[in-house]
2 protein chains.
Amino acid sequence: MYTKPAFNAAVPLGRPTTLPLSRCSSRPTLQASASQPPSSESPSSSIRRPIGRTIPLIKPASSPTTSSDAVDVPVEPRYLYSFRPGHSDATHPTAALLGGKGCALATMSQMSLPVPPGFILSTSLCARLTSSSSSNSSSTTATPILFPDSLTSQIETALAALSDSVGRVFGSATNPLLLSVRSGAPVSMPGMMDTVLNLGLNDKTVEALAKQTDNAIFAYDSYRRFLSMYANVVLSLPNALFEKSLSDMKSQYDCATDADLPLKALKQLVNKFKHHILSETGIPFEQDVFVQLRNTIAAVFQSWQNPRAQTYRAINHIPMSLGTAVVVQAMVFGNSGPTSATGVFFSRDPSTGVNKLYGEFLTNAQGEDVVAGIRTPQPIVRVTNVEGLSKKNSMQEVMPDVYKQVVDVSNLLEQHFKDVQDVEFTVEKGTLYILQTRAAKRTALAAVRSAVEMEGEGLISKDEALKRVDPKSLRQLLHPTLDSDVERDVVATGLPASPGAASGVVALSCNSAEFFAQQGLDVILCREETSPEDVAGMHISKGIVTARGGMTSHAAVVARGMGRACITGVSSMTIDEEKGVVKLDENVSVKEGDCVTIDGATGQVMLGKLETKPAQMCEEFKTLMQWADQRRDMTVLANAETPEDVRRALSLGAEGVGLCRTEHMFFDADRIVAVRQMILAEDNEVRTDALNKLLPMQRQDFTEILEVMQGRPVTIRLLDPPLHEFLPHEQHEFEAVARSAGVSVDVLKARADASREANPMLGLRGCRVGIVYPEIYRMQTQAIVLAAVDVARKSDKVVCVHVMVPFVSSVDELEIVRREIDNVASTILSSSENEEVAHLVQYTVGTMIELPRAALTAGEIARQASFFSFGTNDLTQTTLGMSRDDAGSFLQNYLKSGVIDRDPFVSLDIEGVGMLVELAAKEGRKTRKDLKLCLCGEQGADKDTVVFAQKIGLDAVSCSPFFVPVARLAAAQAAIVQQEIRDDATSGGASTGSM
Amino acid sequence: MYTKPAFNAAVPLGRPTTLPLSRCSSRPTLQASASQPPSSESPSSSIRRPIGRTIPLIKPASSPTTSSDAVDVPVEPRYLYSFRPGHSDATHPTAALLGGKGCALATMSQMSLPVPPGFILSTSLCARLTSSSSSNSSSTTATPILFPDSLTSQIETALAALSDSVGRVFGSATNPLLLSVRSGAPVSMPGMMDTVLNLGLNDKTVEALAKQTDNAIFAYDSYRRFLSMYANVVLSLPNALFEKSLSDMKSQYDCATDADLPLKALKQLVNKFKHHILSETGIPFEQDVFVQLRNTIAAVFQSWQNPRAQTYRAINHIPMSLGTAVVVQAMVFGNSGPTSATGVFFSRDPSTGVNKLYGEFLTNAQGEDVVAGIRTPQPIVRVTNVEGLSKKNSMQEVMPDVYKQVVDVSNLLEQHFKDVQDVEFTVEKGTLYILQTRAAKRTALAAVRSAVEMEGEGLISKDEALKRVDPKSLRQLLHPTLDSDVERDVVATGLPASPGAASGVVALSCNSAEFFAQQGLDVILCREETSPEDVAGMHISKGIVTARGGMTSHAAVVARGMGRACITGVSSMTIDEEKGVVKLDENVSVKEGDCVTIDGATGQVMLGKLETKPAQMCEEFKTLMQWADQRRDMTVLANAETPEDVRRALSLGAEGVGLCRTEHMFFDADRIVAVRQMILAEDNEVRTDALNKLLPMQRQDFTEILEVMQGRPVTIRLLDPPLHEFLPHEQHEFEAVARSAGVSVDVLKARADASREANPMLGLRGCRVGIVYPEIYRMQTQAIVLAAVDVARKSDKVVCVHVMVPFVSSVDELEIVRREIDNVASTILSSSENEEVAHLVQYTVGTMIELPRAALTAGEIARQASFFSFGTNDLTQTTLGMSRDDAGSFLQNYLKSGVIDRDPFVSLDIEGVGMLVELAAKEGRKTRKDLKLCLCGEQGADKDTVVFAQKIGLDAVSCSPFFVPVARLAAAQAAIVQQEIRDDATSGGASTGSM
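Since the structure is predicted, the reported quantities are computational estimates derived from the model, not experimental observations.

(A) Region of interest: the overall build of chain A. Counting its secondary structure elements, chain A contains 37 helices and 36 strands. Counting every position in chain A, which comprises 995 residues, the buried fraction comes to 57%. For chain A, the exposed surface amounts to about 38,800 Å²; the carbon and sulfur share of it is 51%.

(B) Representation of helix α23 (residues 643-651) of chain A in the model. Those residues of α23 of chain A not exposed but buried are Pro643, Asp645, Val646, Arg648 and Ala649 of chain A. Glycine 653 of chain A, located one to two residues past α23 of chain A, shows a positive phi value of around 100°.

(C) Expanded view of the pairing of strand β8 (residues 179-184) of chain B. All names here are of chain B. When you tally the buried positions in β8, you get six out of six residues, the bulk of the element. Neither face of β8 is exposed, since Leu179, Val181 and Ser183 on one face and Ser180, Arg182 and Gly184 on the opposite face are all buried. As paired strands, β8 and strand β9 (residues 195-199) are joined by three bridges and run antiparallel to one another. Note on β9: the bridge partner recorded for valine 181 is valine 196.

(D) Main features of the UniProt feature "domain: PEP-utilising enzyme C-terminal" (unreviewed entry) in chain A. According to UniProt, the positions carrying the feature "domain: PEP-utilising enzyme C-terminal" (unreviewed entry) are residues 619-974 of chain A. Along residues 619-974 of chain A the backbone is 54% helical and 12% strand, and the end-to-end C-alpha distance reaches 24 Å.

(E) Here's a closer look at the domain arrangement of chain A. Residue and element names in this part refer to chain A. Looking at the assigned domains, one finds that chain A contains domain 1 (76-131 + 144-202 + 288-331), domain 2 (209-287) and domain 3 (480-613). The contact between domain 1 and domain 2 buries some 1,500 Å² in all, and 64% of this surface belongs to carbon and sulfur atoms. The interface formed by domain 1 and domain 2 holds seven residue pairs in polar contact (both at pLDDT 80 or more) in total. Every element with two or more residues in the side of domain 1 that touches domain 2 is listed here: β9 (195-199) and α12 (289-302). Ranked by the residues each element gives to the side of domain 1 that touches domain 2, the list is headed by α12, at seven residues. Here the residues of the side of domain 1 that touches domain 2 are counted per class, giving 10 nonpolar, nine polar and two charged.

(F) Representation of the pairing of strand β14 (residues 421-428) of chain B within the structure. The buried fraction of β14 of chain B amounts to seven of the eight residues, a majority that puts the element mostly inside the structure. The hairpin formed by β14 of chain B and strand β15 (residues 431-439) of chain B contains two residues between the paired strands, and lysine 429 of chain B there has a positive phi angle of roughly 45°.

(G) Main features of the pattern of salt bridges. Scanning the entire structure with this criterion turns up 92 salt bridges over all chains. Notably, a salt bridge pairs aspartate 822 of chain A with arginine 818 of chain A, separated by 2.4 Å at the nearest N-O pair. Here aspartate 822 of chain A and its partner arginine 818 of chain A are both found in helix α30 (residues 811-830), four residues apart, which amounts to about one turn of the helix. On the basis of relative accessibility, which here comes to 12%, the residue aspartate 822 of chain A falls in the buried class. In this structure, arginine 765 of chain B and aspartate 874 of chain B form a salt bridge, with 3.0 Å as the shortest nitrogen-oxygen distance. With arginine 765 of chain B in the loop between α28 (745-754) and α29 (767-772) and aspartate 874 of chain B in helix α34 (residues 872-880), the pair connects residues that are 109 residues apart, well separated along the chain. Here the residues in one salt-bridge network are Glu663, Arg717, Asp720, Arg765 and Asp874 of chain A, joined through shared partners.

(H) Highlighting the side chain of aspartate 909 of chain B. Along the polypeptide, aspartate 909 of chain B turns up in the loop between α35 (888-896) and α36 (910-927). Under the relative-accessibility criterion, aspartate 909 of chain B is labelled buried at 10%.

(I) Broad picture of the relation of the copies chain B and chain A. Superposition of chain B onto chain A requires a rotation of 180° combined with a translation of 0.2 Å along the rotation axis, giving an RMSD of 0.2 Å. What the rotation and shift describe, once combined, is the action of a two-fold rotation axis.

(J) Quick peek at the nonpolar core. The biggest cluster of nonpolar side chains holds 307 residues, and the ones touching the most others in it are Met678, Phe868 and Phe870 of chain A together with Met678, Phe868 and Phe870 of chain B. In this view, phenylalanine 868 of chain B contacts Thr847, Ile849, Ala858, Ile861, Ala862, Ala920, Gly924, Leu931, Lys932, Leu933 and Cys934 of chain B; residues no more than four positions away in its chain are not counted.

(K) Seen up close, the environment of valine 737 of chain B. All names here are of chain B. Structurally, valine 737 is set in helix α27 (residues 731-741). For valine 737, a relative accessible area of 0% corresponds to the buried category. Counting along the chain gives 282 residues from valine 737 to glutamate 455, while the straight-line C-alpha distance between them is 63 Å. If sequence neighbours within four positions are ignored, valine 737 has contacts with Val673, Arg676, Gln677, Pro728, Gly742 and Leu748.

(L) Expanded view of the interface of chain B and chain A. At the junction of the two partners, chain B supplies 63 residues and chain A supplies 64 residues. Together chain B and chain A conceal approximately 5,100 Å² of surface at their shared face, both sides included; 53% is due to carbon and sulfur atoms. There are four salt bridges connecting chain B and chain A. The partner of arginine 853 of chain B in a salt bridge is glutamate 911 of chain A, and the shortest N-O contact between them spans 3.2 Å. Along the contact surface separating chain B from chain A lie 20 residue pairs in polar contact (both at pLDDT 80 or more). In terms of residues, the side of chain B that touches chain A owes the most to one element, helix α31 (residues 811-829) of chain B, which gives seven residues. Broken down by class, the residue content of the side of chain B that touches chain A amounts to 24 nonpolar, 21 polar and 18 charged.

(M) Looking closely at the UniProt feature "active site" (unreviewed entry) in chain A. All names here are of chain A. Look at the UniProt record and you will see "active site" (unreviewed entry) annotated at His554 and Cys936. One can find histidine 554 in helix α21 (residues 554-562). Owing to a relative accessible area of 18%, histidine 554 belongs among the buried residues under this scheme. Setting aside residues up to four positions removed in sequence, histidine 554 forms contacts with Thr530, Ser531, Pro532, Val535, Met538 and Asp885. Tracing the backbone shows cysteine 936 in the loop between β35 (932-935) and α36 (943-951). Owing to a relative accessible area of 3%, cysteine 936 belongs among the buried residues under this scheme.

Definitions and cut-offs
Residues numbered from 1 in each chain as written. Chains lettered and ligands numbered in written order. Predicted model: local features only at pLDDT ≥ 70, side-chain atom pairs only at ≥ 80, totals over all residues. Heavy atoms only, no water. Helix = DSSP H or I, 4+ residues; strand = E, 2+ residues; numbered from the N terminus. Buried < 20%, exposed > 50% of the residue type's maximum accessible area, 1.4 Å probe, protein only. Areas by Shrake-Rupley, 256 points an atom, 1.4 Å probe, with all protein chains shown as cover. Pairing = 2+ DSSP bridges. UniProt positions renumbered as here; feature names shortened; annotations may be inferred. Domains from an automatic or database assignment. Buried area = accessible area lost by both parts, 1.4 Å probe. Polar contact = N/O pair within 3.5 Å; in protein donor to acceptor, adjacent residues only side chain to side chain. Nonpolar A, V, L, I, M, F, W, Y, C, P; charged D, E, K, R; others polar. Salt bridge = Lys/Arg side-chain N within 4 Å of Asp/Glu carboxyl O. Least-squares fit on C-alpha atoms with pLDDT ≥ 70 in both. Core = buried A, V, L, I, M, F, W, Y, C linked by side-chain atoms within 4.5 Å. Contact = heavy atoms within 4.5 Å.

Given below as structure tokens:
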């Protein structure tokens, strides 16, 4: 029997490296095989021919990676799962194994829906067939891809079955079977990876297709499409080359659309395309359909590693390790005449959630045409008198029978998947084929509405409705957004750091922001990066744009906390504060006072003022939130420090304040001088003088917050950040402090210099300040307890304050500080004037667990703490040795190359940081059974983090006010997840028990 | 029965607060009791009178600390242990319970040696009777001390027994018993705490004493001594007040010494002293001897918290929690005539270790007189013709009988304690009393010599000899030191960062250091602080002084590594580099080029050139080191990167290089430009160009080191520090890089600005650099493997290199870097030109565990690592959230106030950081049984750290070359400690088993 080595020969993939694939296929063995015609025309005999064996081109011994990989991975017998209507090899299809597309196709096959038959190459192959090192831009050699032997034989068998099922033969010169080869990851990544359609065409099969369909135009149109796709996906040639030839041809023949091209033109085009391939790669277009298939499968797997896909995964926290599956299916043709069509429909409106089928289609077209937007598609449902909408005839009118089938399929799919479906279909000569179905991407509004309505329809339970909405997406409902109809002329792009849209005049400093705001103008503050000193300026601005920093930079965190739109890391932006000019991009500059619009949800900056629409809070949202509150176990608190923030938190459902950062109150213009005097004091007297000025201000702050919260718990953190953050910089600032403190500017400058730190994050901060300068915490405690007394007296109701000591690394530190706090508190509460209200003041002392050592010794620390609050920002910084402010230089690189799956400042690093949190929770509770545990870092509203918090038994999470609804929903989902795990364990345990 | 409330009333102690004790004793109850005469004169009846009950002056409820203390501490029945020759209440005395002094007295009592009888108040009382909060300078109120009831009754009983034993009655107006009250901590802290002698004297008992001894001068001399001691220790009055009166009186009566004062003068002095007490405190001197005793006991306990004691503990790593005991003993009088004396002897010479009794005494004097140095003491052993020594008559000549007893006691004590003893004694009218014995403080030389000789004498085993020498002290033997006879005029003091003495001219920059060095001058480099750029300048200097930084700052670490004398944290020093002037102190300035001398062992800076003596390496040292090498289990490696350092490490016994920091080679003048070009490169081409320049240099570095080590293992760490450490600062530096890289200075400056980091310790460094710019590690690996090949070829012997990847936080990082290293290595080793030597190159890849996350996920990381090296510097920084460079601002405060016991950068924080190391070792070995484990932080030669390393089964420690002997001895001690624990466990297990 003839052995054909080419199919499975190791061929380095060109993209994304510079070495063209064809260099390798020019090796004699490949060339020889390429010119070898198929040995037989009958379906079964052609398939039974062995396709090839592994011929490694690089000796494994010389490359440790390759060799160890080859040794390590155990032999997996099954890579391939076939399907056809009424049958699926995979009896319990999962997206993890088959990818989302493959899983849906297998399921629809089981439902006997009309899917074109095919087979799925599982995700477990992806890691084997791709090489992550090729994603590294520095790599200069292509890595070959080896097909395991068992894969080759599985493909042979599946092709045989497919041929039998369709009644066509792959590569046949009389009755050719054409294939589509599509990627399909376990998580939807639309458009990120590659697809090749019409595979199996060559100079002979195209003729057979023409003859068989009696439609040469269709055959050559398919061929030219295949040629350009293959050239792009497999050979890495630029699309533009083929598009230009196509448009040239249309001009030459004076055709309006692709479909108008005559046969002659299409044939010329086919020759032109083949010429491009030869001249660009040095090798003629591959005529052997088996080599076509092998190379295409490899290329589609490899597209998992393309830069687009990497970026998408980084942004969407999709682990690289998931891998993609590849779906190989018999082609059906929406472009085979006027009774053929291709299109997409949604089982409900993905924009509003309204329960009404919504979709578009194009007659006589292939899938790519809909996406490409060359022709305007027709609606599926008849349009009734809506102005401005297409007057084209709907499918309801044009293909009433198919329309009825579509409606039936839509209902069946929704009933089966119990979710809004996004369905791709093709109509071939009046016959409907479903190519793909998946849960529809939808706006937060649509997600909420459809989930609540489906519960009403009895389709899903409340738990399922709660699980249906991505908590994160709720933020969309809380911020004004840009009207999606408005055209955007984007001049710069950065990271979508805080959602919401805002228009305003550009200000380059807090001073000018204030100046514009005083004139009643909305302001967009543009800064290189922000620091705590900019907080006031950020507060009066509608939006913030920074050139540096990431999704969790100072600007991003503060903006999200304040609910300001924010874009960070606009690397194209350079600011000349002196000239008052900001260059948004190479060619676009604006001056202070010019108007721009930013969309914090997309990271886009646009010139001029664009219309925004206010936040939408529909009835369904309120219903869902009620369900969430009933369902969740954990308390949801807010990180807030101004009365305004606290009020907002309350209105968004916060049950208390989990983190009130006292230092955020220190930057007000009327306070900063006293704060600076306090820091730079060289003796207790000057420091005490400064503290005496601050005491009434802090007392007033706390009074307002406690009043707003009406007895709900308020956790107040004592001064935490490095003192140097408050230091003066400008001469006039030094002068103001010098006047206030009664010392010379030179002395102050020397003291400011002396307090400079190499790594302020790890320096004199938190309780270290409280121990070295006990006056400071004493003043803050006085302010807190006096405020509590004031509010208790006024309201005659219980006031509940928790005093939190930050940056503790040992129980001894906490003990010292707690003793001072207790002393101050008991002195105030036992004084005769406060005697009658003292019983209304409930106060406790606890600590932040934000250092690894605190977590490791939590059992000891719990002896002195009534509660732990996990400060996961700092805990992440220290556990990973990664400064949030400096991570930008490598974190993006890490995310893209898959070194890490998620930004650990956005979603808790459960393996590392989470281990410490879990340990601390356990050891803390061992010491103190009723220890209250809260997580209050930026990750407090992240769903996976909340699920983890629920799992390890935390009592509460705390997050920015605008994230409170997010956390409420996430907490409900966490409770559901936990119950599901418990239920699984119970049933699993029961079955184990019965064994 | 009459109840006397005063003795046990709560009395706040004045020192170190400003509230005089007497304010409290002016309360009516105390006053009344003070004027109450003892109700009986017979020993037993006076004692059986209950001394008092607790009368708290502050309501516990108003002070949470006090109240919770009062509730929490369980009743301890036994606080007091009596002793007299032939008897000790404590049958197995321990220093932990009785303090060192008390333990020795109890033991000597058991040995029937002549000790004055008395009793010991145990260390367990210390924490109860002292208040650490009073050590906090901010405290404004004194904390009262409460005697537990059971203590009062135990003292009563003991006083009765003591009276019976001595035949005198405490407070008797006819036959008074006088007491000494002395502190005694479990660890020797000579002179740090307080002592009161002659307690029990008042206006009546002094007369009785005079009458009974027929020596009024002696009685009043004792009384004036007691008055001044009591005033100072109990009432916190300054000594100077009393000393001035004494010297005035001597002038008035024209007396040369105190002993010459006539009775009249002494009586005047007593009146004067009582007047001082009344006028300074407002209250007359306390006549009630029981109140005297109570207050004195409280004050001596409280002296555990005095600033001197706190500082001593901080420097010597003595935990505050140990507490002191208090020894109350019947007085014996060395000042009762010419046949009386007081003195000190050592069983061997504490300076040289020579086995010969050595000591001094004074006739007719009390202990304080010897210490005060008012009279020149006489030698105990006859002096034979040694020029310049005292011609005074020795004890051997003056008191031959006593001398014989002294020699006998010395021998008995050495036989019993099996160590060199430091003994205090008093001779009262020809009778010898031993007041105290303890292990003698000795020089390193003496310690080594006596230990080795005692083994030879059969007194101790080799293990005991090894345990007898403090590993740390060995450093004294390795550095030149100042002659101890030379007078020092200290002008500034800092932290003793690196031992050794050095004289030289002051240089304020590396440039001027180089300038002076070229002229053949020795240089002392004075800097605000040092950075890696100063390394070259430090290398050519003899000593380094910095104004900032601690014992483990950059300057300290590098200086110790190079064996340079170094003083850090000279806070009084200010440098004006422009003017070339350094102000060492308020009043002392020196110019560049002026000569100074520094003593790195004491932290002292002196003007001018002082004589130094070279390092001493005696035979006994070599013997001890041999024993240590035989005894230890762990390998001792060195942290070294220059051939010079590596050679030194080898000569000091290192078995390999545990940490070769490649970046230390980057600062040479001929390399830094290329390094900077590499860092600031904006594309691969420029970076590759720079790397090509560096490759041959690094290859040469590694070749030399591998040649020196002759096949011993060398662990080379790839580039670790934040890149910005290498950035240029000066214009000419930028220009040099611009020329080299072919880009403009402005572009370079912009790139340098962009790479600035907020917390560089947590930024782009270690393997992050290696992943973002893989070319850099690739170059370093090439250099390493090429060097190994070179050396293997030349020597025809095995070369053993371990490549270490720094700052790994996840196994994925390590996997990526390891793959690159393996690729580079196998390419070089499999090339045809290297084929024949490749088998001689043993190379492995491992990682540093220096981040909490790495430790937490060590089980995973071990999959990719052949070895772990614990980088405990960084691991401490991140686990504690404490930047080594910035800790100075609070670490000293923490050590002094007992928040922490030790500098965690000097001795591993076993509770926190150690937990991570242990976890990582365990999990790592679970994954890979033969995983090699090494500890290579600065703590690698610290004894407790080494003991811990042995306990958890590490294979090796690595430290600076000069610390290698320290680590060798520490490792031997660790092996001994472990065996002792194992033996204890075995015997303990056996006894448990038999129960």
